Amino acid sequence: MNKISKTMGLMVLAAGLATQASAQSAVEALKLTDTDLIGTARFVSMGGAFTALGGDISTLSQNPAGIGVYRSNEVVTTLTISPQSTQIDNLPGNSRNNKTRVNFDNLGFVGTFNFGNMLLRNINFGVAYNSRKNYARNYRVSYNSLNGSLTNSIAGLCSENPNNLLTANGAYDNVAPWLDILAYDNFLMAYSPTATAANNSYYGLFSQGSTWGNGYLDVRESGYNNEYTFNFGGNVADRVFFGLGLGITDLKYSLVSDYGENLYGATGETEIDATLYPITSSEYSLYNELTLNGTGVNFKAGFIAYVTNSLRIGAAIHTPTYYSVRRTAYGDIINNYIYLENYLETQANSQSSTPVSTQHFSLRTPLRFMVGASYQIGYKALVSADYEYTAYSRMKLSDENGYEETYSYDNSDIRDYLKNTHTVRLGGEYRVTPQLSLRVGYSFTSSPVSDEWLDNTSYVPTAGTLPSYTLNRTKNNYSGGIGYRFKHVYIDVAYLHRRTSEEVMAYSAIPDKNISGSEKAHLITKNNNIILTFGVKF
């Protein structure tokens, strides 16, 4: 009959076609490589500035030479209570989202073999679980007055193909992008038979000056990035400490998003029995589910050395983490619209979805290099400072067979639009009594994203049917804490305030086609963590 009130039976498609919904993107790779300041209460309270300090289980994932500083066996674990708030601070009508979670952030053991007064004073080994990132977060963006539409963006990206490539078997036989297929089959865009090579062949529902409306973006994220470390290190004459580490990472990132627009005075068309009728309004939603599961491996090496009895320096290098990732995705569009037939308004709806697609790929994360220095002031205080360089522009995507050419466009985006980041960490500790210590810290990480993407002056490709994305601006961590040492037991408590600034886009602008993107939303995520660490030395 026609395409009104229908659901497409796409599950009959071949598995090879299903993978077309799952191309990779630079912004997705960036999401998988982001880490936070997480660790023991002492480590966090001093801003993570431990490259030249060591002696903490969290350093096994930072500078493996820190294991050489240990003089006794130790078991340690950490629990974090993490109240979180998210809010869009630059668009009216957006409310704060609050959530509190409890996380188990690390567990580790260090064993020590002492050799007395020999040149090699001790050899140590350690195993630890350290959390590197918790992805759990919810946020909503409300767009009270749209100045454009996702439908125009999709239409602008469609190749200059005749309309039969986006219908029936023609679309699948020619491997058209799934977002194009869903949009066309749900009347979010239409083919223009009068188009020329210089103009778009398709047009969306939004026309400047005659179309108005509002929209929303709901996002729910969850998941983790954890590392299991196996370290070996030693102490040479109480002056130089060295360490090597093997890290095995386990990550899972899940996202559920719902983007919708309510458009009035629309410019689309619907087809009934081979006759076209104008669409005057549309209330549609694009729903996406995405899950990324991966395992990876990396290696670390580092040293710490006394320059004087008070001054220590340290350095460490981390190889890229080599990930194998499985990507599972699903997309769905529902369109409730009104069209004119014989000058009468008629309500109709349409719905279609992609099959659940699964794809495997490989990701090489950035190389990391860090240096640090610490200074001890008598027996009462110490200060420390770190600098870390992370080479985001050197990341690489490849298919499961190792061919980078499969993702040549995405790797080009990584090289051209991602920047190498700079992290500064500062920490201090004051010993009030031999048992009681007070601590303070701060860390800052620069944006890994180019100004062209942040300012929305260059098109940002995304993966599959998911057009929305976030781009990191800066990350600031402010921390403080207290610790108490008994004879063989210690307890540390820390407070961390993390403020992360990001740009949220429901869809990207296409500047070379003069198509605007969604209104840019400034997302502020704040965490106010209470961290409790319990350790036993023996």
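Residues numbered from 1 in each chain as written. Predicted model: local features only at pLDDT ≥ 70, side-chain atom pairs only at ≥ 80, totals over all residues. Heavy atoms only, no water.

Engineer: I'd like a description of unusual backbone geometry, backed by residues and values.
Structural biologist: Positive phi, normally seen in glycine, also occurs at Asp238, with a value near 55 degrees. One can find Asp238 in the loop between β7 (212-236) and β8 (240-272). Accessibility expressed as a relative area gives 27% for Asp238, which makes it partly exposed. (Helix = DSSP H or I, 4+ residues; strand = E, 2+ residues; numbered from the N terminus. Buried < 20%, exposed > 50% of the residue type's maximum accessible area, 1.4 Å probe, protein only.)

Engineer: Go over the confidence of the model for the chain with me, naming the residues and quoting the values.
Structural biologist: Put simply, the chain has an average pLDDT of 91, and 91% of its residues get 70 or more. The low-confidence segment residues 1-22 (pLDDT under 50) makes 57 contacts with residues lying over four places distant or belonging to another chain. (pLDDT = per-residue confidence, 0-100. Contact = heavy atoms within 4.5 Å.)

Engineer: Mind laying out the packing of aromatic side chains, listing which residues take part and the relevant values?
Structural biologist: Counted by the stated rule, this structure contains 19 aromatic pairs. Ring centres of Tyr135 and Tyr253 lie 5.0 Å apart, and the angle between their planes is 70 degrees; on these two criteria the pair is classed as edge-to-face. Highlighted residues: Tyr135 in the loop between β3 (120-134) and β4 (137-143) and Tyr253 in strand β8, separated in sequence by 118 residues. Considering the side-chain rings of Tyr277 and Tyr339, the 6.0 Å spacing of their centres and the 50 degrees angle between planes classify their relative orientation as tilted. On the criterion of sequence distance, the pair formed by Tyr277 in strand β9 (residues 275-306) and Tyr339 in strand β11 (residues 322-341) is long-range, its members being 62 residues apart. For Tyr277, a relative accessible area of 17% gives the class buried. A relative accessible area of 5% means that Tyr339 is categorised as buried. Of the aromatic side chains, those joined through ring pairs into one cluster are Phe109, Phe113, Phe125 and Phe538. (Phe/Tyr/Trp six-rings, centres within 6.5 Å; stacked < 30°, edge-to-face > 60°.)

Engineer: How would you explain the side chain of Thr365 if you had to name every residue and give the values?
Structural biologist: With respect to the secondary-structure elements, Thr365 resides in the loop between β13 (357-364) and β14 (368-377). Side-chain polar atoms of Thr365 contact the backbone nitrogen of Thr321, separated by 2.8 Å. Ignoring any residue separated from it by four or fewer positions in sequence, one finds Thr365 in contact with Thr33, Pro320, Thr321, Tyr323 and Met395. (Polar contact = N/O pair within 3.5 Å; in protein donor to acceptor, adjacent residues only side chain to side chain.)

Engineer: For the environment of Ser72, give the residues involved together with the corresponding values.
Structural biologist: Position of Ser72 among the secondary structure elements: in the loop between α3 (41-45) and β1 (74-88). Of the residues examined, Ser72 reaches a relative accessible area of 24% and is grouped as partly exposed. Considering only alpha carbons, one finds Ser72 and Gly116, 44 residues apart in sequence, at a separation of 13 Å. Among residues more than four places away in sequence, those in contact with Ser72 are Val110, Thr112, Lys537 and Phe538.

Engineer: Tell me about helix α2 (residues 26-33), and please be specific about residues and values.
Structural biologist: Most of α2 is tucked away, with eight of its eight residues classed as buried. Those residues of α2 lying buried are Ala26, Val27, Glu28, Ala29, Leu30, Lys31, Leu32 and Thr33.

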